[in-house]
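# Commentary on secondary and tertiary structure
Below are the chains, spelled out letter by letter.
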Amino acid sequence: MPPESAQSGDPKAVLVEKLKLAQGFLSGTKLSQELGMSRQTLRTHLAALRNKGYRIRAVPRRGYLLEYAPDKLYPWEIAPFLPRFSATQQYHYSEDTDSTQNTLIALGIAGAGEGTLVAAEEQTKGRGRLGRTWLSRHGGLYFSLLLRPDFLPLARASQLSLMLGCACIRGIRTATGIQCESKWPNDLFLSGKKVGGILSEAAAEADSIQFLAAGIGLNVNIPHRELPREATSLAKEYGRDCSRSRLLRHIIREIHAWYSILRTDGFEPIRACWEEHCFLWGTRVKITLPHTVREGTAHGIDKQGFFLLRTDQGLIESYSAGDITSVRY
Ligand code: ATP
């Protein structure tokens, strides 16, 4: 299915919002006046919404009543609520795609503005770090956001990934009340199981970052039986489905806020947020590197964002990358 892009001033955004906020029926005459459109145009927009799964009751002399709105990431549900990263940011939405990262990277190469967002209901080739597969079934949240951090040298690119982790944890909490935890460097956990992942891919030139494709996959309402064994979903912990559009809006707002913090105050507030939310500290872990495995106690992260391991000899070693696994005896 071809992606849909948000058109600025799409009247469906205002129409849906008015229907959602209404306490009962909304008069057709009043609606068309408020939206500055003819009754016929209003009926065309309502028909388009019904086609997209909205249930809108029409009763002569009473007007329209929204009975059900699908929890989809349609452009009119998302684009008007996004914070402004740049004047040229765009929102691209599709039912399914191979990978939101692939689409966003192509847009980034073509010069898309900072804040450009790609979201899909499903991915057929969702990926994690090192080309690992990210299972992206219907019911999850999959999106990629374009950042152009001209204030950050390439050597600090990993701080962006940690910044995204903080933003996700805070965004999930504001949208649902659920408190997730982080696992260095890019995983989100809930009740000891993986609930989401962050994939940061940078296009770089010499020592500067041209753009960063920030990909996030979150198990929101995926049925438990469809998830990998070591995974969970927000819905399972919450006891009912969570609104994905609400989550997306809040997470992007948090990314905008934390990105500004990184720009103006540096990495320290993000480091502190990680210290607070990462569940590894003080536990026995193994860090797997390309040619070696080290074991010790997870100690924290340093002022650059590197993982600190305390060895059994009491030395503190720092790592910029690696796979962390908990060691249980
Ligand atoms: P880990 O350290 O947890 O092994 P990773 O951080 O190296 O993973 P990621 O890029 O975060 O790798 O994610 C890929 C891995 O996550 C896959 O190899 C698979 O084990 C697991 N996985 C894939 N899809 C999901 C999902 N929807 N929910 C939770 N875990 C998943």
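Being a predicted model, the structure only gives us computed values, none of them experimental.

What counts, and where the lines are drawn
Residues numbered from 1 in each chain as written. Predicted model: local features only at pLDDT ≥ 70, side-chain atom pairs only at ≥ 80, totals over all residues. Heavy atoms only, no water. Near = heavy atom within 4 Å. Polar contact = N/O pair within 3.5 Å; in protein donor to acceptor, adjacent residues only side chain to side chain. Areas by Shrake-Rupley, 256 points an atom, 1.4 Å probe, with all protein chains shown as cover. 1 Å grid on protein atoms, 1.4 Å probe; cavity = no way out; pocket = protein on both sides within 12 Å on 5 of 7 lines; lining within 4 Å. Sits in = over half its atoms within 2 Å of the grid points. Nonpolar A, V, L, I, M, F, W, Y, C, P; charged D, E, K, R; others polar. Salt bridge = Lys/Arg side-chain N within 4 Å of Asp/Glu carboxyl O. Helix = DSSP H or I, 4+ residues; strand = E, 2+ residues; numbered from the N terminus. Buried < 20%, exposed > 50% of the residue type's maximum accessible area, 1.4 Å probe, protein only. Contact = heavy atoms within 4.5 Å. Domains from an automatic or database assignment. Buried area = accessible area lost by both parts, 1.4 Å probe.

### Some remarks on the site of the ligand
Close to the ligand lie 14 residues; Arg-129, Arg-132, Leu-135, Lys-194 and Asn-219 are nearest. At a separation of 3.1 Å, an oxygen atom of the ligand approaches a polar side-chain atom of Asn-186. One of the side-chain N or O atoms of Asp-323 is found 3.5 Å from an oxygen atom in the ligand. For the ligand, whose unbound accessible area comes to 620 Å², protein coverage reaches 78%. Most atoms of the ligand, that is more than half of them, are within 2 Å of grid points of the largest pocket. For the shell around the ligand, the residue count by class is four nonpolar, four polar and six charged.

### Quick word on the pattern of salt bridges
Summed over the entire model, instances satisfying the criterion amount to 23 salt bridges. A cluster of three or more residues bridged by salt bridges with shared partners is formed by Lys-18, Lys-30 and Glu-34.

### Quick look at the side chain of His-45
Relative to the elements of secondary structure, His-45 occurs in helix H3 (residues 39-51). In this structure His-45 comes out as buried when scored by relative accessible area, which is 16%. Look past the residues within four positions of His-45 in its chain and what remains in contact with it is Pro-11, Lys-12, Leu-15 and Met-37.

### Notes on the domain arrangement of the protein chain
Segmenting the protein chain into domains produces domain 1 (4-68), domain 2 (75-277) and domain 3 (284-326). Spacing between the C-alpha centres of domain 1 and domain 2 amounts to 31 Å. Counting residues at the interface gives 12 residues for domain 1, matched by nine residues for domain 2. With both sides pooled, the region where domain 1 packs onto domain 2 buries about 920 Å², and carbon together with sulfur makes up 55% of that total. Linking domain 1 with domain 2 are one salt bridge. A salt bridge links Lys-20 to Glu-77; the nearest nitrogen and oxygen atoms lie 2.7 Å apart.

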